[in-house]
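# Structural features, examined
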Amino acid sequence: MKAEINIQIQSPHAKEIINSLKVDNINIPQDMQIDMNYNENYANIKIIMEISSPKDILTLRNTADEILEHANLIINLLENKRIA
């Protein structure tokens, strides 16, 4: 069974978010695919993974969480916000 998570981030920094996150897409699980693109003010991220065990669902969720954390960090840095 395949599972898919779609993340859409609205930001004037969509291009920078995607360009920064793409660099980090190395050593991902063999049966995972991450597609990233941007248009205007939206960063679009799709994570697809073949689920063959309960552990795979956690891997998929943890990957989405990590992407969201990194995107938030990038936005805060570009907007010169203090990170607590």
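First, a word on what this report is: a plain description of the structure on this page. (Residues numbered from 1 in each chain as written. Predicted model: local features only at pLDDT ≥ 70, side-chain atom pairs only at ≥ 80, totals over all residues. Heavy atoms only, no water.)

## Focus on the nonpolar core
Formally: Among the buried residues, those of types Ala, Val, Leu, Ile, Met, Phe, Trp, Tyr and Cys that are joined through side-chain atoms within 4.5 Å form a nonpolar core. Exposed residues in this analysis have more than 50% of their type's maximum accessible area, buried residues have under 20%, and partly exposed residues fall in between, with area computed by a 1.4 Å probe over protein chains only. For the purposes of this entry, the term helix denotes a DSSP run of H or I that reaches at least four residues, the term strand denotes a run of E that reaches at least two, and both are numbered from the N terminus.
Among the nonpolar cores identified, the biggest contains 21 residues, and Ile-9, Ile-17, Leu-21, Ile-45, Ile-47 and Ile-67 are the most heavily contacted of them. Sorting the residues of this core by element identifies strand E1 (2–10), helix H1 (14–22), strand E2 (32–39), strand E3 (42–50) and helix H2 (54–78) as the ones contributing at least two each.

## A look at the sheet that holds E3
Our working rule: Note: two strands are recorded as paired if DSSP finds a minimum of 2 bridges between them. Here, axes are lines fitted to C-alpha atoms. For helices the fit covers the stretch in contact, and angles between N-to-C directions go from 0 to 180 degrees. For this analysis, residues touch if any pair of their heavy atoms sits within 4.5 Å.
The strand order E1-E3-E2 describes an open sheet built from 3 strands, whose pairing is antiparallel. Whereas interior strands pair on both sides, the edge strands pair on one side only; in this sheet they are E1 and E2. Along the sheet, successive strands turn relative to each other by an average axial angle of 10°, direction set aside. Pairing of E1 with E3 involves 9 bridges; the strand directions are antiparallel. Its bridge partner lying in E3, Ile-7 is registered against Ile-45. Contacts from H2 reach E1, E2 and E3, with the element oriented near 165° to E3.

## Considering H1
Side chains that are three or four residues apart share a direction in an α-helix, a result of its 3.6 residues per turn. What counts here: Taking the helix axis as origin, the arc is that swept by the directions to the C-beta atoms.
Buried residues of H1: Ala-14, Ile-17, Ile-18 and Leu-21, and no others. The arc that holds every buried residue of H1, seen down its axis, measures 90°, which confines them to one face.

## Re the environment of Pro-12
On the secondary structure map, Pro-12 appears in the loop between E1 and H1. Sequence-wise, Pro-12 and Ala-43 are 31 residues apart; in three dimensions their C-alpha atoms are separated by 9.3 Å.

These figures capture arrangement, not role.
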